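Residue-level listing of the chains:
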Amino acid sequence: MHSTGDKKIALEMITDEHVQGLMKDFGLENDTPEGQAEILDVIGETLMSRVVLEILKRLPPEEQPKLEKYFGSGDLKGLMAFLAPHIPDVERFINETVMNELASIREDMKRQA
């Protein structure tokens, strides 16, 4: 499940505030745009995987196959509408999931330093 649509949705989930924090945490403020993009791409994939996992935990089994349609298309609005009946306040849920995963990444970085 890692198509162009997936990346589009992942990038829409990562706010400018997240990006600035990540650049600072990784010491990339002065890195090249290419270097920043490469790191953000890896982090975006990690975040996407975490969000999908957490969504799957909350979706009824019969609804899970429909999820790929939304990620594959890059249709964030459609995804949110699909998830709303299953996950109350889905935008907050996704933001909290992203923030928790970013905190986990930061903790891992501190342990490795």
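Residues numbered from 1 in each chain as written. Predicted model: local features only at pLDDT ≥ 70, side-chain atom pairs only at ≥ 80, totals over all residues. Heavy atoms only, no water.

A. Region of the structure containing the packing of helix H3 (residues 33–58) against helix H4 (residues 64–73). The interhelical angle for the contact between H3 and H4, taken along N-to-C directions, is 150 degrees, at an axis separation of 11 Å. By the angle between their axes, H3 is roughly antiparallel relative to H4. For the element pair H3 and H4, the recorded crossing hand is right-handed. In contact with Met48, Val52, Ile55 and Leu56 of H3, H4 contributes Gln64, Leu67 and Phe71. Tallied by class, residues from the contact of H3 with H4 come to six nonpolar, one polar and no charged. (Axes fitted to C-alpha atoms, helices over the stretch in contact; angles between N-to-C directions. Helix = DSSP H or I, 4+ residues; strand = E, 2+ residues; numbered from the N terminus. Parallel < 35°, antiparallel > 145°, perpendicular 65-115°, else oblique. Left-handed = near helix turned anticlockwise from the far one by under 90°. Contact = heavy atoms within 4.5 Å. Nonpolar A, V, L, I, M, F, W, Y, C, P; charged D, E, K, R; others polar.)

B. Representation of the nonpolar core in the model. Formed by 26 residues in total, the largest nonpolar core has its most connected members in Ile55, Leu67, Phe71, Leu79, Leu83, Ile94 and Leu102. Elements with a minimum of two residues in this core: helix H2 (16–25), H3, H4, helix H5 (76–83) and helix H6 (90–112). Sorting elements by how many residues they give to this core places H3 first, with seven residues. Among all residues touching leucine 83, those that are not within four sequence positions of it are Ile55, Leu59, Leu67 and Val90. (Core = buried A, V, L, I, M, F, W, Y, C linked by side-chain atoms within 4.5 Å. Buried < 20%, exposed > 50% of the residue type's maximum accessible area, 1.4 Å probe, protein only.)

C. Region of interest: the packing of H4 against H5. It is at 8 Å that the axes of H4 and H5 come closest, and there the two elements cross at 160 degrees. In terms of orientation, H4 lies roughly antiparallel with respect to H5. Where H4 crosses over H5, the two elements pack in a sense that is left-handed. In this structure, H4 contributes Lys66, Leu67, Tyr70 and Phe71 to the contact, and H5 contributes Gly78, Leu79, Phe82 and Leu83.

D. Seen up close, H6. Given a rise of 1.5 Å per residue, 23 residues ought to cover 33 Å, and the 33 Å separating the end C-alpha atoms of H6 matches this to within 8%. Turning to H6, its buried residues are Val90, Phe93, Ile94, Thr97, Val98, Glu101, Leu102 and Ile105. (Expected span 1.5 Å × (residues − 1).)

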